[in-house]
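Each chain, letter by letter, is given below.
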Amino acid sequence: MRRMASIAPDPVAAPTSRSAIVRFATGTLLALAVAVVGGYFALRSVAIDEAKRQTRTRVKEDAKLVEAAVTNGLLKGHAHAMRAVDDVVVGRVLDKTIVRVKIWSPAGRVLYSDEQAEIGGHYALDAGQHRLLRHGGAEVEVTDLNRPENALDRQNGKLLEAYTRIRAPSGTPLLFEIYQPFTSVTADARGLLRPLAPPILGAIGLILLVQAPLFWSLMRRLQLSHEQREGLLANAVSSSRRERRRVASYLHDGPVQDLAGLAFSLAPVADGAETRGADREAAVVRNAIDRLRGTVRDLRALLVDLHPPTLAAAGLDAALRDLASPLAARGTKVELRVDGEDRLDADTQALVYRVAQEAVRNVIAYADASAVSVEVDVADSTARLLVVDDGRGFGPETRDQRRAEGHLGLSLVEELAEQAGGSLAVDSREGGGTRVRLVVPLR
Ligand SMILES: Nc1ncnc2c1ncn2[C@@H]1O[C@H](COP(=O)(O)OP(=O)(O)OP(=O)(O)O)[C@@H](O)[C@H]1O
Ligand SMILES: [Mg+2]
(Lines give C-alpha, C1' and ligand atoms only; values in the text may rest on other atoms or scores of the structure.)
(Ligands and ions follow the chains in the order given, each with its own letter.)
Protein backbone atom coordinates (compact mmCIF):
# COMPACT_ATOMS: atom_id res chain seq x y z
CA MET A 1 0.00 0.00 0.00
CA ARG A 2 2.62 2.45 1.15
CA ARG A 3 4.79 1.38 -1.76
CA MET A 4 2.42 2.83 -4.29
CA ALA A 5 0.95 5.66 -2.29
CA SER A 6 4.27 7.45 -2.05
CA ILE A 7 6.09 7.66 -5.32
CA ALA A 8 9.21 8.75 -3.47
CA PRO A 9 11.19 5.78 -2.18
CA ASP A 10 10.87 5.09 1.50
CA PRO A 11 13.31 7.34 3.27
CA VAL A 12 16.27 5.41 4.60
CA ALA A 13 16.09 5.45 8.36
CA ALA A 14 18.25 8.29 9.65
CA PRO A 15 20.93 7.23 12.10
CA THR A 16 19.24 8.23 15.32
CA SER A 17 21.60 10.29 17.43
CA ARG A 18 20.29 8.72 20.62
CA SER A 19 21.22 5.16 19.76
CA ALA A 20 24.60 6.33 18.48
CA ILE A 21 25.25 8.25 21.69
CA VAL A 22 24.22 5.29 23.81
CA ARG A 23 26.52 3.02 21.80
CA PHE A 24 29.38 5.50 22.05
CA ALA A 25 28.86 6.02 25.78
CA THR A 26 28.71 2.29 26.61
CA GLY A 27 31.75 1.63 24.44
CA THR A 28 33.72 4.39 26.12
CA LEU A 29 32.64 3.39 29.62
CA LEU A 30 33.51 -0.24 28.91
CA ALA A 31 36.95 0.71 27.62
CA LEU A 32 37.47 2.98 30.63
CA ALA A 33 36.34 0.26 33.03
CA VAL A 34 38.82 -2.19 31.48
CA ALA A 35 41.57 0.45 31.64
CA VAL A 36 40.77 1.41 35.24
CA VAL A 37 40.47 -2.16 36.56
CA GLY A 38 43.55 -3.32 34.62
CA GLY A 39 45.43 -0.22 35.71
CA TYR A 40 44.41 -0.71 39.32
CA PHE A 41 45.76 -4.26 39.43
CA ALA A 42 48.95 -3.32 37.60
CA LEU A 43 49.56 -0.40 39.94
CA ARG A 44 48.66 -2.53 42.94
CA SER A 45 51.27 -5.12 42.04
CA VAL A 46 53.81 -2.34 41.56
CA ALA A 47 52.80 -0.89 44.91
CA ILE A 48 53.10 -4.29 46.62
CA ASP A 49 56.56 -4.77 45.12
CA GLU A 50 57.47 -1.37 46.47
CA ALA A 51 56.06 -2.30 49.89
CA LYS A 52 58.17 -5.49 49.84
CA ARG A 53 61.20 -3.44 49.00
CA GLN A 54 60.50 -1.22 52.00
CA THR A 55 60.03 -4.28 54.20
CA ARG A 56 63.40 -5.60 53.05
CA THR A 57 64.98 -2.31 54.12
CA ARG A 58 63.06 -2.41 57.37
CA VAL A 59 64.22 -5.92 58.28
CA LYS A 60 67.82 -4.88 57.77
CA GLU A 61 67.44 -1.78 59.95
CA ASP A 62 65.66 -3.70 62.71
CA ALA A 63 68.26 -6.45 62.44
CA LYS A 64 71.02 -3.91 63.18
CA LEU A 65 69.18 -2.62 66.26
CA VAL A 66 68.65 -6.11 67.64
CA GLU A 67 72.12 -7.41 66.67
CA ALA A 68 73.64 -4.81 69.01
CA ALA A 69 71.72 -6.37 71.92
CA VAL A 70 72.57 -10.01 71.09
CA THR A 71 75.11 -11.68 73.36
CA ASN A 72 76.61 -15.15 73.17
CA GLY A 73 74.36 -16.09 76.10
CA LEU A 74 71.38 -16.09 73.73
CA LEU A 75 72.82 -19.14 71.98
CA LYS A 76 72.75 -21.00 75.26
CA GLY A 77 69.31 -19.76 76.23
CA HIS A 78 70.41 -17.53 79.12
CA ALA A 79 67.52 -15.54 80.55
CA HIS A 80 69.38 -12.23 80.86
CA ALA A 81 70.57 -12.44 77.25
CA MET A 82 67.00 -13.04 76.16
CA ARG A 83 65.75 -10.13 78.25
CA ALA A 84 68.29 -7.76 76.69
CA VAL A 85 67.01 -8.68 73.22
CA ASP A 86 63.40 -8.49 74.36
CA ASP A 87 63.94 -4.94 75.65
CA VAL A 88 65.05 -3.77 72.23
CA VAL A 89 62.35 -5.74 70.38
CA VAL A 90 59.46 -4.60 72.55
CA GLY A 91 60.79 -1.05 72.94
CA ARG A 92 61.96 -0.31 69.40
CA VAL A 93 60.89 -2.92 66.87
CA LEU A 94 57.33 -4.08 67.55
CA ASP A 95 54.63 -1.69 66.41
CA LYS A 96 51.44 -1.73 64.34
CA THR A 97 53.25 -2.97 61.27
CA ILE A 98 55.60 -5.50 62.91
CA VAL A 99 53.68 -8.08 64.90
CA ARG A 100 56.28 -10.75 65.56
CA VAL A 101 60.06 -11.00 65.83
CA LYS A 102 62.04 -14.25 65.93
CA ILE A 103 65.70 -15.17 66.01
CA TRP A 104 66.78 -18.60 64.74
CA SER A 105 69.92 -20.62 65.28
CA PRO A 106 71.51 -22.17 62.15
CA ALA A 107 70.21 -25.53 63.38
CA GLY A 108 66.58 -24.29 63.19
CA ARG A 109 65.97 -23.63 66.89
CA VAL A 110 63.97 -20.59 67.93
CA LEU A 111 66.45 -18.75 70.19
CA TYR A 112 64.15 -15.79 70.72
CA SER A 113 60.55 -14.82 69.99
CA ASP A 114 58.47 -12.05 71.47
CA GLU A 115 55.94 -14.85 71.93
CA GLN A 116 57.53 -16.73 74.85
CA ALA A 117 55.82 -20.04 73.99
CA GLU A 118 57.67 -20.26 70.70
CA ILE A 119 61.15 -20.11 72.24
CA GLY A 120 63.02 -23.42 72.12
CA GLY A 121 60.94 -24.78 69.27
CA HIS A 122 62.87 -26.68 66.62
CA TYR A 123 62.01 -26.61 62.92
CA ALA A 124 63.94 -27.45 59.77
CA LEU A 125 65.14 -24.35 57.89
CA ASP A 126 64.52 -24.31 54.16
CA ALA A 127 67.10 -23.96 51.40
CA GLY A 128 66.55 -20.20 51.07
CA GLN A 129 67.17 -19.65 54.76
CA HIS A 130 70.36 -21.74 54.67
CA ARG A 131 71.55 -19.73 51.70
CA LEU A 132 70.84 -16.52 53.58
CA LEU A 133 72.81 -17.72 56.62
CA ARG A 134 75.78 -18.41 54.37
CA HIS A 135 75.70 -15.37 52.10
CA GLY A 136 73.65 -12.69 53.91
CA GLY A 137 71.03 -10.46 52.23
CA ALA A 138 67.33 -10.23 52.95
CA GLU A 139 64.22 -12.10 51.79
CA VAL A 140 60.55 -11.21 51.86
CA GLU A 141 57.74 -13.70 51.27
CA VAL A 142 54.14 -14.40 52.15
CA THR A 143 54.03 -16.53 55.29
CA ASP A 144 52.80 -20.08 54.93
CA LEU A 145 50.56 -20.19 57.99
CA ASN A 146 50.21 -23.98 57.65
CA ARG A 147 53.79 -24.56 58.71
CA PRO A 148 54.04 -25.79 62.32
CA GLU A 149 56.51 -23.03 63.20
CA ASN A 150 53.76 -20.47 62.51
CA ALA A 151 51.12 -22.15 64.66
CA LEU A 152 51.05 -19.22 67.03
CA ASP A 153 51.10 -16.59 64.29
CA ARG A 154 47.82 -17.60 62.74
CA GLN A 155 45.65 -15.20 64.75
CA ASN A 156 47.27 -12.31 62.92
CA GLY A 157 45.76 -13.25 59.55
CA LYS A 158 47.70 -13.16 56.30
CA LEU A 159 51.32 -12.25 57.01
CA LEU A 160 54.41 -11.17 55.16
CA GLU A 161 57.67 -12.45 56.61
CA ALA A 162 61.09 -10.92 56.07
CA TYR A 163 64.39 -12.30 57.28
CA THR A 164 68.01 -11.44 57.22
CA ARG A 165 71.27 -12.54 58.81
CA ILE A 166 72.71 -11.20 62.08
CA ARG A 167 75.72 -12.44 64.02
CA ALA A 168 76.30 -13.23 67.67
CA PRO A 169 79.49 -11.65 69.11
CA SER A 170 81.09 -15.11 68.69
CA GLY A 171 80.54 -14.80 64.96
CA THR A 172 77.75 -17.43 64.76
CA PRO A 173 75.31 -16.45 62.01
CA LEU A 174 71.68 -16.20 63.15
CA LEU A 175 68.44 -15.70 61.26
CA PHE A 176 66.53 -12.55 62.23
CA GLU A 177 62.91 -12.59 61.20
CA ILE A 178 60.05 -10.05 61.36
CA TYR A 179 56.38 -10.58 60.51
CA GLN A 180 54.16 -7.91 58.99
CA PRO A 181 50.38 -8.15 58.68
CA PHE A 182 49.52 -8.19 54.97
CA THR A 183 46.90 -5.50 55.54
CA SER A 184 49.67 -3.05 56.36
CA VAL A 185 51.33 -3.94 53.03
CA THR A 186 48.14 -3.36 51.05
CA ALA A 187 47.59 -0.19 53.08
CA ASP A 188 51.05 0.89 51.94
CA ALA A 189 50.02 0.04 48.38
CA ARG A 190 46.85 2.05 48.73
CA GLY A 191 48.90 4.91 50.11
CA LEU A 192 51.07 4.74 46.99
CA LEU A 193 48.01 4.59 44.74
CA ARG A 194 46.15 7.44 46.34
CA PRO A 195 48.23 10.28 44.93
CA LEU A 196 48.07 8.62 41.49
CA ALA A 197 44.28 8.43 41.40
CA PRO A 198 43.41 12.12 40.91
CA PRO A 199 45.67 12.69 37.89
CA ILE A 200 44.54 9.44 36.26
CA LEU A 201 40.85 10.10 36.83
CA GLY A 202 41.42 13.70 35.78
CA ALA A 203 43.04 12.57 32.54
CA ILE A 204 40.15 10.18 31.82
CA GLY A 205 37.66 12.95 32.49
CA LEU A 206 39.60 15.26 30.22
CA ILE A 207 39.61 12.67 27.42
CA LEU A 208 35.85 12.34 27.75
CA LEU A 209 35.42 16.09 27.82
CA VAL A 210 37.50 16.55 24.69
CA GLN A 211 35.84 13.64 22.94
CA ALA A 212 32.24 14.58 23.64
CA PRO A 213 32.04 17.75 21.49
CA LEU A 214 34.02 16.01 18.75
CA PHE A 215 31.60 13.13 18.76
CA TRP A 216 28.70 15.53 18.91
CA SER A 217 29.83 17.50 15.87
CA LEU A 218 30.47 14.26 14.00
CA MET A 219 26.93 13.14 14.73
CA ARG A 220 25.57 16.50 13.59
CA ARG A 221 27.50 16.31 10.35
CA LEU A 222 26.31 12.77 9.73
CA GLN A 223 22.74 13.79 10.29
CA LEU A 224 23.10 16.87 8.13
CA SER A 225 24.52 14.92 5.22
CA HIS A 226 21.76 12.36 5.62
CA GLU A 227 19.17 15.13 5.52
CA GLN A 228 20.86 16.63 2.49
CA ARG A 229 20.80 13.30 0.70
CA GLU A 230 17.14 12.87 1.54
CA GLY A 231 16.42 16.36 0.29
CA LEU A 232 18.24 15.72 -2.97
CA LEU A 233 16.39 12.47 -3.48
CA ALA A 234 13.02 14.05 -2.79
CA ASN A 235 13.95 16.84 -5.13
CA ALA A 236 14.95 14.43 -7.87
CA VAL A 237 11.72 12.48 -7.46
CA SER A 238 9.53 15.57 -7.51
CA SER A 239 11.36 17.10 -10.45
CA SER A 240 10.98 13.89 -12.42
CA ARG A 241 7.29 13.94 -11.55
CA ARG A 242 7.07 17.57 -12.68
CA GLU A 243 8.79 16.66 -15.92
CA ARG A 244 6.39 13.81 -16.58
CA ARG A 245 3.46 16.08 -15.90
CA ARG A 246 4.86 18.63 -18.33
CA VAL A 247 5.33 16.02 -21.06
CA ALA A 248 1.85 14.66 -20.40
CA SER A 249 0.20 18.04 -20.62
CA TYR A 250 2.12 18.86 -23.81
CA LEU A 251 0.99 15.56 -25.36
CA HIS A 252 -2.56 16.10 -24.24
CA ASP A 253 -2.90 19.67 -25.44
CA GLY A 254 -0.83 19.33 -28.61
CA PRO A 255 -0.41 16.09 -30.57
CA VAL A 256 -3.43 14.29 -29.07
CA GLN A 257 -5.81 17.16 -29.90
CA ASP A 258 -4.25 17.67 -33.32
CA LEU A 259 -4.45 14.00 -34.27
CA ALA A 260 -8.01 13.67 -32.96
CA GLY A 261 -8.97 16.81 -34.90
CA LEU A 262 -7.27 15.47 -38.02
CA ALA A 263 -9.15 12.17 -37.81
CA PHE A 264 -12.35 14.08 -37.30
CA SER A 265 -11.76 16.38 -40.27
CA LEU A 266 -10.81 13.47 -42.54
CA ALA A 267 -14.13 11.69 -42.04
CA PRO A 268 -16.06 13.94 -44.50
CA VAL A 269 -13.28 13.48 -47.06
CA ALA A 270 -13.77 9.71 -46.93
CA ASP A 271 -17.54 10.14 -47.16
CA GLY A 272 -17.11 12.49 -50.19
CA ALA A 273 -14.81 10.04 -51.95
CA GLU A 274 -17.30 7.26 -51.36
CA THR A 275 -20.18 9.25 -52.85
CA ARG A 276 -18.03 10.04 -55.83
CA GLY A 277 -17.48 6.34 -56.25
CA ALA A 278 -13.74 6.61 -55.65
CA ASP A 279 -13.71 3.54 -53.48
CA ARG A 280 -9.94 3.10 -53.37
CA GLU A 281 -9.44 6.68 -52.20
CA ALA A 282 -12.17 6.26 -49.63
CA ALA A 283 -10.51 3.08 -48.32
CA VAL A 284 -7.12 4.78 -48.05
CA VAL A 285 -8.62 7.72 -46.15
CA ARG A 286 -10.63 5.47 -43.86
CA ASN A 287 -7.52 3.44 -43.17
CA ALA A 288 -5.68 6.66 -42.32
CA ILE A 289 -8.55 7.69 -40.00
CA ASP A 290 -8.40 4.31 -38.23
CA ARG A 291 -4.68 4.57 -37.74
CA LEU A 292 -5.00 8.12 -36.45
CA ARG A 293 -7.63 7.01 -33.95
CA GLY A 294 -5.44 4.10 -32.93
CA THR A 295 -2.55 6.45 -32.34
CA VAL A 296 -4.73 8.80 -30.30
CA ARG A 297 -5.83 5.82 -28.19
CA ASP A 298 -2.27 4.75 -27.60
CA LEU A 299 -1.27 8.28 -26.69
CA ARG A 300 -4.13 8.56 -24.22
CA ALA A 301 -3.05 5.32 -22.58
CA LEU A 302 0.48 6.69 -22.46
CA LEU A 303 -0.87 9.85 -20.82
CA VAL A 304 -2.39 7.80 -18.04
CA ASP A 305 0.88 5.95 -17.53
CA LEU A 306 2.90 9.14 -17.64
CA HIS A 307 0.72 11.05 -15.31
CA PRO A 308 -1.53 8.91 -13.16
CA PRO A 309 -1.51 11.59 -10.47
CA THR A 310 -4.71 12.87 -11.98
CA LEU A 311 -5.68 11.01 -8.88
CA ALA A 312 -4.11 13.58 -6.57
CA ALA A 313 -5.02 16.55 -8.72
CA ALA A 314 -8.45 15.74 -10.08
CA GLY A 315 -9.64 12.95 -7.78
CA LEU A 316 -10.54 9.29 -8.13
CA ASP A 317 -13.52 9.80 -10.39
CA ALA A 318 -11.51 11.70 -13.01
CA ALA A 319 -8.58 9.31 -12.73
CA LEU A 320 -10.83 6.27 -13.29
CA ARG A 321 -12.48 8.02 -16.22
CA ASP A 322 -9.02 8.55 -17.78
CA LEU A 323 -8.24 4.92 -17.11
CA ALA A 324 -11.34 3.73 -18.96
CA SER A 325 -10.99 6.20 -21.83
CA PRO A 326 -9.12 3.77 -24.16
CA LEU A 327 -12.01 1.30 -23.76
CA ALA A 328 -14.56 3.92 -24.68
CA ALA A 329 -12.38 4.98 -27.57
CA ARG A 330 -12.47 1.49 -29.06
CA GLY A 331 -16.22 1.29 -28.77
CA THR A 332 -16.67 -0.64 -25.54
CA LYS A 333 -19.62 0.59 -23.51
CA VAL A 334 -18.21 1.94 -20.23
CA GLU A 335 -20.26 2.59 -17.13
CA LEU A 336 -18.48 4.41 -14.34
CA ARG A 337 -19.93 5.25 -10.95
CA VAL A 338 -17.96 6.62 -7.99
CA ASP A 339 -19.75 7.25 -4.66
CA GLY A 340 -18.29 8.42 -1.35
CA GLU A 341 -14.92 9.37 -2.80
CA ASP A 342 -14.46 12.06 -0.16
CA ARG A 343 -14.59 9.42 2.58
CA LEU A 344 -11.50 7.67 1.20
CA ASP A 345 -8.08 8.77 2.38
CA ALA A 346 -5.24 9.18 -0.10
CA ASP A 347 -3.81 5.70 0.50
CA THR A 348 -7.16 3.98 -0.01
CA GLN A 349 -7.83 6.01 -3.15
CA ALA A 350 -4.43 4.99 -4.45
CA LEU A 351 -5.20 1.32 -3.74
CA VAL A 352 -8.60 1.52 -5.45
CA TYR A 353 -7.01 3.22 -8.42
CA ARG A 354 -4.20 0.67 -8.64
CA VAL A 355 -6.61 -2.29 -8.58
CA ALA A 356 -8.95 -0.65 -11.12
CA GLN A 357 -5.94 0.02 -13.33
CA GLU A 358 -4.93 -3.65 -13.35
CA ALA A 359 -8.50 -4.83 -13.95
CA VAL A 360 -9.15 -2.35 -16.78
CA ARG A 361 -5.79 -3.10 -18.41
CA ASN A 362 -6.68 -6.76 -18.39
CA VAL A 363 -10.08 -6.01 -19.93
CA ILE A 364 -8.36 -4.03 -22.66
CA ALA A 365 -5.74 -6.69 -23.27
CA TYR A 366 -7.75 -9.91 -23.03
CA ALA A 367 -11.49 -9.54 -22.55
CA ASP A 368 -12.71 -8.33 -25.93
CA ALA A 369 -15.73 -7.10 -23.99
CA SER A 370 -18.68 -5.13 -25.29
CA ALA A 371 -19.53 -3.58 -21.92
CA VAL A 372 -17.52 -2.78 -18.79
CA SER A 373 -18.65 -1.27 -15.53
CA VAL A 374 -16.42 0.27 -12.89
CA GLU A 375 -18.09 1.06 -9.56
CA VAL A 376 -16.75 2.50 -6.34
CA ASP A 377 -18.84 2.93 -3.22
CA VAL A 378 -18.47 3.12 0.54
CA ALA A 379 -20.66 1.23 2.98
CA ASP A 380 -20.30 -0.10 6.54
CA SER A 381 -16.87 1.52 6.87
CA THR A 382 -15.51 -0.39 3.93
CA ALA A 383 -14.60 0.87 0.50
CA ARG A 384 -15.58 -1.35 -2.43
CA LEU A 385 -14.52 -1.47 -6.03
CA LEU A 386 -16.23 -3.63 -8.61
CA VAL A 387 -14.96 -4.00 -12.19
CA VAL A 388 -17.18 -6.22 -14.34
CA ASP A 389 -16.83 -7.04 -18.02
CA ASP A 390 -18.84 -9.29 -20.29
CA GLY A 391 -15.81 -10.47 -22.23
CA ARG A 392 -14.39 -13.91 -22.85
CA GLY A 393 -13.38 -14.64 -19.30
CA PHE A 394 -10.77 -17.19 -18.27
CA GLY A 395 -10.43 -20.39 -16.31
CA PRO A 396 -8.18 -20.86 -13.26
CA GLU A 397 -5.63 -22.82 -15.29
CA THR A 398 -5.09 -19.82 -17.60
CA ARG A 399 -4.21 -17.61 -14.72
CA ASP A 400 -1.99 -20.25 -13.13
CA GLN A 401 -0.14 -20.67 -16.37
CA ARG A 402 0.33 -16.91 -16.84
CA ARG A 403 1.53 -16.64 -13.27
CA ALA A 404 4.05 -19.39 -13.88
CA GLU A 405 5.28 -17.34 -16.83
CA GLY A 406 5.87 -14.39 -14.53
CA HIS A 407 2.68 -12.41 -15.21
CA LEU A 408 1.72 -11.27 -11.77
CA GLY A 409 -0.64 -8.32 -12.36
CA LEU A 410 -3.62 -9.64 -10.40
CA SER A 411 -1.50 -11.40 -7.78
CA LEU A 412 0.36 -8.18 -7.03
CA VAL A 413 -2.78 -6.17 -6.44
CA GLU A 414 -4.18 -9.03 -4.36
CA GLU A 415 -1.15 -8.68 -2.13
CA LEU A 416 -1.59 -4.91 -1.92
CA ALA A 417 -5.22 -5.37 -0.88
CA GLU A 418 -4.22 -7.82 1.86
CA GLN A 419 -1.51 -5.48 3.11
CA ALA A 420 -4.16 -2.81 3.51
CA GLY A 421 -6.28 -5.24 5.54
CA GLY A 422 -8.72 -5.87 2.71
CA SER A 423 -9.26 -8.57 0.12
CA LEU A 424 -9.51 -9.00 -3.62
CA ALA A 425 -11.75 -11.54 -5.36
CA VAL A 426 -11.41 -12.38 -9.04
CA ASP A 427 -14.34 -14.38 -10.47
CA SER A 428 -14.20 -15.49 -14.04
CA ARG A 429 -14.96 -18.43 -16.21
CA GLU A 430 -14.42 -19.25 -19.84
CA GLY A 431 -16.94 -17.29 -21.92
CA GLY A 432 -18.65 -15.81 -18.86
CA GLY A 433 -16.99 -12.44 -18.35
CA THR A 434 -14.87 -11.36 -15.42
CA ARG A 435 -15.62 -9.74 -12.06
CA VAL A 436 -12.90 -8.14 -9.93
CA ARG A 437 -14.01 -7.09 -6.48
CA LEU A 438 -11.95 -5.22 -3.90
CA VAL A 439 -13.10 -4.71 -0.31
CA VAL A 440 -10.92 -2.65 1.99
CA PRO A 441 -11.65 -1.23 5.45
CA LEU A 442 -11.78 2.56 5.79
CA ARG A 443 -9.08 4.19 7.87
N1 LIG B 1 -10.83 -9.35 -17.77
C2 LIG B 1 -10.23 -10.42 -18.26
N3 LIG B 1 -10.77 -11.08 -19.33
C4 LIG B 1 -10.18 -12.16 -19.83
N5 LIG B 1 -9.05 -12.70 -19.35
C6 LIG B 1 -8.46 -12.10 -18.30
C7 LIG B 1 -9.01 -10.95 -17.69
N8 LIG B 1 -8.22 -10.60 -16.65
C9 LIG B 1 -7.23 -11.49 -16.61
N10 LIG B 1 -7.35 -12.40 -17.58
C11 LIG B 1 -6.49 -13.56 -17.79
O12 LIG B 1 -5.77 -13.80 -16.60
C13 LIG B 1 -4.38 -13.80 -16.83
C14 LIG B 1 -3.68 -13.26 -15.64
O15 LIG B 1 -3.86 -11.87 -15.47
P16 LIG B 1 -2.81 -11.02 -14.71
O17 LIG B 1 -3.26 -9.61 -14.72
O18 LIG B 1 -2.57 -11.65 -13.39
O19 LIG B 1 -1.49 -11.20 -15.54
P20 LIG B 1 -1.21 -10.63 -17.01
O21 LIG B 1 -2.19 -9.56 -17.34
O22 LIG B 1 -1.14 -11.79 -17.93
O23 LIG B 1 0.23 -10.04 -16.87
P24 LIG B 1 0.63 -8.65 -16.19
O25 LIG B 1 -0.62 -8.15 -15.54
O26 LIG B 1 1.65 -9.05 -15.24
O27 LIG B 1 1.07 -7.81 -17.29
C28 LIG B 1 -4.25 -12.98 -18.08
O29 LIG B 1 -3.08 -13.35 -18.79
C30 LIG B 1 -5.47 -13.31 -18.88
O31 LIG B 1 -5.31 -14.51 -19.59
MG1 LIG C 1 -2.60 -7.93 -16.07
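Bear in mind the structure is a predicted one, so any value in this text is a computation, not a measurement.

A. Fine view of the coordination of the magnesium ion (ligand 2). Protein ligation of the magnesium ion (ligand 2) involves Glu358 (OE) and Asn362 (OD1), the donor distances falling in the range 2.0 to 2.2 Å. Note that Glu358 and Asn362 are positioned in helix H11 (residues 346-367) at a spacing of 4 residues, about one turn of the helix.

B. Quick peek at the site of ligand 1. Taken together, 16 residues sit near ligand 1, with Glu358, Asn362, Tyr366, Arg402 and Leu410 positioned nearest. Glu358 places a side-chain nitrogen or oxygen 2.9 Å from an oxygen atom of ligand 1. A distance of 3.0 Å separates a nitrogen atom of ligand 1 from a polar side-chain atom of Asp389. Counting atoms within 2 Å of the grid points, the majority share of ligand 1 lands in the second largest pocket. Sorting the residues of the shell around ligand 1 by element identifies H11, helix H12 (396-404) and helix H13 (409-419) as the ones contributing at least two each.

C. Spotlight on the confidence of the model for the chain. Mean pLDDT over the chain: 85, with 93% of residues reaching 70 or higher. Of all the helices and strands in the chain, helix H1 (residues 2-5) carries the lowest mean pLDDT, 34, while strand S8 (residues 382-389) carries the highest, 97. Taken together, the stretch residues 1-14 has pLDDT below 50 and engages in 29 contacts with residues farther than four places along the chain or on a different chain.

D. Structural context of the pattern of salt bridges. Evaluated as defined, the whole model comprises 20 salt bridges. Among the ionic pairs, Glu161 bridges to Arg147, the shortest N-O distance being 3.2 Å. Taken together, the residues span a long stretch of sequence, with Glu161 in strand S4 (residues 159-167) and Arg147 in the loop between strand S3 (138-142) and S4 at a distance of 14 residues. Of the residues examined, Glu161 reaches a relative accessible area of 0% and is grouped as buried. We note a salt bridge from Asp427 to Arg435, for which the minimum N-O separation is 3.8 Å. Owing to a relative accessible area of 42%, Asp427 belongs among the partly exposed residues under this scheme. Linked through salt bridges whose partners overlap, the residues forming this network are Arg58, Asp62 and Asp95.

E. The arrangement of H13 in detail. When H13 is considered as a whole, its buried residues turn out to be Leu410, Ser411, Val413, Glu414, Leu416 and Ala417. At the exit of H13 stands Gly421, carrying a positive phi of roughly 85°.

F. Molecular detail of the sheet that holds S4. With antiparallel pairing, 5 strands are arranged side by side in an open sheet as S2-S1-S5-S4-S3. What marks the edges here is a single partner per strand, and that holds for strand S2 (110-113) and S3. With direction set aside, neighbouring strand axes in the sheet form an average angle of 20°. One ladder, built from 9 bridges, connects S4 with strand S5 (residues 173-181); its direction is antiparallel. Residue pairing for S5: Arg165 is matched across the bridge by Leu175. Against the sheet, helix H4 (residues 79-93) makes contact with strand S1 (100-104) and S2, and its axis sits at roughly 40° relative to S2, the strand it touches most. Across the sheet, helix H5 (residues 127-135) is in contact with S3, S4 and S5; its angle to S4 comes to roughly 35°.

G. Representation of the pairing of S5. Among the 9 residues that make up S5, 8 are buried, leaving the element largely enclosed by the rest of the structure. Summarising the sheet, S1 and S5 pair through 5 bridges and their orientation is antiparallel. Along S5, the bridge assignment pairs Val101 with Ile178. Taking the residues between adjacent antiparallel strands as the criterion, S4 and S5 are bridged by 5 residues, where Gly171 takes a positive phi near 100°.

H. Layout of the sheet that holds S8. Across the sheet, which stays open at both edges, the 5 strands sit in the order S6-S7-S8-S10-S9 with mixed pairing between neighbours. The open sheet is flanked by strand S6 (333-338) and strand S9 (423-428), the only strands paired with a single partner. For this sheet, the mean inter-axis angle between neighbouring strands, taken without regard to orientation, is 10°. Two strands pair when backbone bridges link them, and S6 and strand S7 (residues 371-379) are joined in this way by 6 bridges, in the parallel orientation. Bridge assignment links Leu336 to a residue of S7, and that residue is Val374. Against the sheet, helix H10 (residues 316-329) makes contact with S6 and S7, and its axis sits at roughly 170° relative to S6, the strand it touches most.

I. Expanded view of the layout of surface pockets. The volume enclosed by the second largest pocket comes to roughly 490 Å³. Elements represented by at least two residues in the lining of the second largest pocket include exactly H11, S8, H12, H13 and strand S10 (434-441). Per-element tally for the lining of the second largest pocket: the top contributor is H11, with 6 residues. Across the lining of the second largest pocket, the residue classes tally to 10 nonpolar, 7 polar and 6 charged.

J. Structural context of the packing of H11 against H13. Viewed as axis vectors pointing N to C, H11 and H13 meet at an angle of 160°, and their least axial separation amounts to 10 Å. The angle between H11 and H13 places the two elements in the roughly antiparallel class. Seen from above, H11 lies across H13 with left-handed handedness. For the pair H11 and H13, the contacting residues are Leu351, Arg354, Val355, Glu358 and Asn362 in the first and Gly409, Leu410, Val413, Leu416 and Ala417 in the second. Here the contact of H11 with H13 is composed, by residue class, of 6 nonpolar, 2 polar and 2 charged.

K. Spotlight on unusual backbone geometry. Positive phi values are uncommon outside glycine, yet Asp368 reaches one of about 55°. Tracing the backbone shows Asp368 in the loop between H11 and S7. For Asp380, which is not a glycine, the phi torsion comes out positive at approximately 50°.

L. A look at the domain arrangement of the chain. With domains assigned, the chain is organised as domain 1 (24-198) and domain 2 (313-443). Here the C-alpha centroids of domain 1 and domain 2 sit 98 Å apart.

Reading the values: the criteria
Residues numbered from 1 in each chain as written. Chains lettered and ligands numbered in written order. Predicted model: local features only at pLDDT ≥ 70, side-chain atom pairs only at ≥ 80, totals over all residues. Heavy atoms only, no water. Donors = N, O, S within 2.8 Å, 3.2 Å for Na, K, Ca; no water. Helix = DSSP H or I, 4+ residues; strand = E, 2+ residues; numbered from the N terminus. Near = heavy atom within 4 Å. Polar contact = N/O pair within 3.5 Å; in protein donor to acceptor, adjacent residues only side chain to side chain. 1 Å grid on protein atoms, 1.4 Å probe; cavity = no way out; pocket = protein on both sides within 12 Å on 5 of 7 lines; lining within 4 Å. Sits in = over half its atoms within 2 Å of the grid points. pLDDT = per-residue confidence, 0-100. Contact = heavy atoms within 4.5 Å. Salt bridge = Lys/Arg side-chain N within 4 Å of Asp/Glu carboxyl O. Buried < 20%, exposed > 50% of the residue type's maximum accessible area, 1.4 Å probe, protein only. Pairing = 2+ DSSP bridges. Axes fitted to C-alpha atoms, helices over the stretch in contact; angles between N-to-C directions. Points joined across faces, edges and corners; volume = space filled by probe spheres on them. Nonpolar A, V, L, I, M, F, W, Y, C, P; charged D, E, K, R; others polar. Parallel < 35°, antiparallel > 145°, perpendicular 65-115°, else oblique. Left-handed = near helix turned anticlockwise from the far one by under 90°. Domains from an automatic or database assignment.

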